[in-house]
Amino acid sequence: MASTIFDKIWQNHVIEGNEGEPQLLYVDLHLVHEVTSPQAFEGLRENNRKVRRPDKTFATVDHNVPTNPSPVDSIENIHDKISRLQVETLQNNCQEFGIKMAGIGAKDQGIVHVIGPQLGLSQPGKIIVCGDSHTSTHGGLGAIAFGIGTSEVEHVLATQTIWQMKPKNMGIKIQGKLAKGVSSKDIIMHLIAKYGANFGVGYALEFYGDTIEDLSQEARMTITNMAIEGGAKVGIIKPDEKTFEYVAGRKYAPEDMDAAIAYWSQLYTDSEEAFDKIITVDATQLEPYVSWGTNPAMAVSFSEKLPKITDSNIKQAYEYMGLEPGIKVENIPVEWIFIGSCTNGRLEDLKKAAEVIKGHKLAPNVTGWVVPGSRSVKTQAEKLGLDKIFIDAGCEWRDPGCSACLAMNPDKIPAGIHCASTTNRNFEGRQGANARTHLASPAMVAAAGINGHFVDIRKIS
Ligand SMILES: CC(C)[C@H](C(=O)O)[C@@H](O)C(=O)O
Ligand code: SF4
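Basis of the calculations
- Residues numbered from 1 in each chain as written.
- Chains lettered and ligands numbered in written order.
- Predicted model: local features only at pLDDT ≥ 70, side-chain atom pairs only at ≥ 80, totals over all residues.
- UniProt positions renumbered as here; feature names shortened; annotations may be inferred.
- Buried ≥ 20, exposed ≤ 12 C-beta atoms within 10 Å, placed from the backbone.
- Helix = DSSP H or I, 4+ residues; strand = E, 2+ residues; numbered from the N terminus.
- Contact = placed C-beta atoms within 7 Å.
- Pairing = 2+ DSSP bridges.
- Axes fitted to C-alpha atoms, helices over the stretch in contact; angles between N-to-C directions.
- Near = placed C-beta within 6 Å.
- Nonpolar A, V, L, I, M, F, W, Y, C, P; charged D, E, K, R; others polar.
- Domains from an automatic or database assignment.
- Core = buried A, V, L, I, M, F, W, Y, C linked by C-beta atoms within 7 Å.

In the nomenclature of an unreviewed UniProt entry, the protein corresponds to 3-isopropylmalate dehydratase large subunit from the organism Ligilactobacillus ubinensis. Looking at the protein in UniProt, the text filed under Subunit (unreviewed entry) is "Heterodimer of LeuC and LeuD."

Another aspect to go through is helix H13 (residues 347–357). Burial runs high along H13: 8 of the 11 residues are buried. All of the buried residues along H13 are Leu 347, Asp 349, Leu 350, Lys 352, Ala 353, Ala 354, Val 356 and Ile 357. Against the buried residues of H13 lie strand E15 (336–339), helix H12 (341–344), strand E16 (367–370), helix H14 (375–383), helix H15 (386–393) and helix H16 (442–451). Within two residues after H13, Gly 359 carries a phi angle of roughly 80 degrees, on the positive side.

In this section: the sheet that holds strand E9 (residues 168–175). The strand order across the open sheet formed by 4 strands is E11-E10-E9-E12, and the pairing between neighbours is parallel. Single-partner strands in this sheet number two, and they are strand E11 (234–236) and strand E12 (277–282). If you compare each strand with its neighbour and ignore which way they point, the axes differ by 20 degrees on average. Across the sheet, helix H6 (residues 184–195) touches E9 and E12, and the angle it forms with E12 is around 120 degrees.

Residues in close proximity to ligand 1 include Val 35, Thr 36, His 63, Asp 132, Ser 133, His 134, Gly 147 and Leu 406, which together make up its full environment. Here the shell around ligand 1 is built from residues that sort into 2 nonpolar, 5 polar and 1 charged.

Segmentation of the protein into domains returns domain 1 (5–164), domain 2 (168–239 + 262–285) and domain 3 (289–460). Measuring from the centre of the C-alpha atoms in domain 1 to the corresponding centre in domain 2 gives 24 Å. Going through the elements one at a time, helix H1 (5–13), helix H4 (112–118) and strand E7 (144–147) are the ones with two or more residues in the side of domain 1 that touches domain 2. The greatest single-element share of the side of domain 1 that touches domain 2, amounting to 5 residues, is contributed by H1. Classifying every residue of the side of domain 1 that touches domain 2 by side-chain character gives 9 nonpolar, 10 polar and 2 charged.

This part covers the UniProt feature "binding site: [4Fe-4S] cluster" (unreviewed entry) in the protein. The positions UniProt marks with the feature "binding site: [4Fe-4S] cluster" (unreviewed entry) are Cys 342, Cys 402 and Cys 405. The largest pairwise C-alpha distance within this set of annotated residues, which runs over 64 residues, is 8.9 Å, so the set is compact in three dimensions. By the secondary structure assignment, Cys 342 is in helix H12. Judged by the 28 C-beta atoms lying within 10 Å of it, Cys 342 is buried. With residues up to four places along the chain from it excluded, the contact list for Cys 342 reads Ile 111, His 113, Val 114, His 134, Thr 137, Asn 225 and Gly 373. Turning to its location among the elements, Cys 405 is positioned in the loop between strand E17 (396–397) and strand E18 (418–421).

The full set close to ligand 2 counts 13 residues, and Ser 341, Cys 342, Cys 402, Cys 405 and Leu 406 are the nearest of them. Of the domains in this structure, domain 1 (5–164) and domain 3 (289–460) are the two that each give at least three residues to the shell around ligand 2.

Take the sheet that holds strand E19 (residues 436–439) next. Taken in spatial order, the 5 strands line up as E17-E16-E15-E18-E19 in an open sheet, and their pairing is parallel. Two strands bound the open sheet, and with one partner strand each, they are E17 and E19. As judged from the 4 bridges shared by E15 and E16, these two strands associate in the parallel manner. Along E16, the bridge assignment pairs Ile 339 with Val 370. In this fold H16 packs onto E15, E16 and E18, with an angle of close to 150 degrees to the strand it touches most, E15.

So, on to the nonpolar core. With 139 residues, the main nonpolar core has Ile 144, Val 234, Val 290, Ala 299 and Ile 337 as its most contacted residues. With 7 residues, the single largest contributor to this core is H16. Apart from the residues within four sequence positions on either side, Ile 144 is in contact with Phe 6, Ile 9, Trp 10, Ile 127, Gly 139, Val 234 and Ile 236.

The side chains of a regular strand alternate between the sheet's two faces. Burial of E18 is two-sided: the residues His 418 and Ala 420 facing one way and the residues Cys 419 and Ser 421 facing the other way are all buried. Both E15 and E18 contribute to a ladder of 3 bridges, which runs parallel. Counted as the bridge partner of Ile 337 is Ala 420 from E18. Across 4 bridges, the pairing between E18 and E19 is parallel. Considered in E19, the bridge of His 418 is made with Arg 436.

So, in structure tokens, the structure goes:
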């Protein structure tokens, strides 16, 4: 019987149970951050348990770290009591249970989904979990990666295993050359806008086709990052030469790369018959996308106008966003830009934004924040002089962290402000109480910053 890459990796990890019922899976990598781990460690302590495989567990701090004034290099920089307590607690827990941690100020610190791949911890063929919904990101390297809840974090810490129901397989076939300026962010925003925020529920999504093959390794991770915004816990892309090259030489890359590549090369979907469902996308027709509402499915392509009010959710979204049906995307005002997050806070994303911004200034009414996804992204960007480009344009060049992606820290967008953002969620209050988020690609966000409203990047790139 034909199998998908997802079936193959899954099967390689089943310890117990049959298909159709929960199965016990072995976990190769458990990533931990400060928000979803405190009670899990507490549970271990109460039951007098140890961490089963500290060597397969890696922690960092991201959601609660302030990103300004730079450098944020010690716990003393965290003034908010709850944030500080969470960061301190993780530090103490990691010390007590013998877990490696990239703490505040460490050179490996950053958003958990940026540092996993960057350190070579995330590898093809692995099962990777983290108490965070955007764990799907790591599927861009050909792993099965999904978010888990805090009680599951405790289970994985104690046993290095997890019970899961196997989802079905959906193939998303994407073919053709993208227009200049259209990016992987637009592919995933298109899918969610067209098929809704729940189309992937109960499925593992495999993205494939020549458009995907042409994308860089980093661009692929933007797609799998947002699989969860389409309702799928898992998004996966077959690993290829680009993936092998990406992993090679990283801090925690396999010692025997030849053996690893020999195994990774067997990870592919046998034929399309293995999918339970297939969606096809003609990439040549894709335009840049911008979200106008309060969930990622409330988005339109550049040439569309904002939709009619057909239900109460849409009505409420318009009220919250201070917008009206029929408006053109270019007439959406932009007063703030945010470049960062696990969706688009990697080096390549910063390069794309910098290319657009270079030599320009932010429009007079626009505030700009650039928050690299990790300390290492920040250092590399500075070597390339990207910091200077952003600062010259009038942006703030900040320290790494989740920052205003979710505003769990001091980084908040003020009420009523329209923020063009390279992030993945535009829920009410996501970037600050009553802040208005518009999701878009790094190039689109950068262009909006210098114009004070959205512009068609295809016309300027
Ligand atoms: C705080 C964390 C649990 C949450 C998630 O699970 O995704 C956050 O990262 C988010 O993006 O909303
Ligand atoms: S950057 Fe945003 S989406 Fe990613 S883990 Fe942090 S809060 Fe969640």
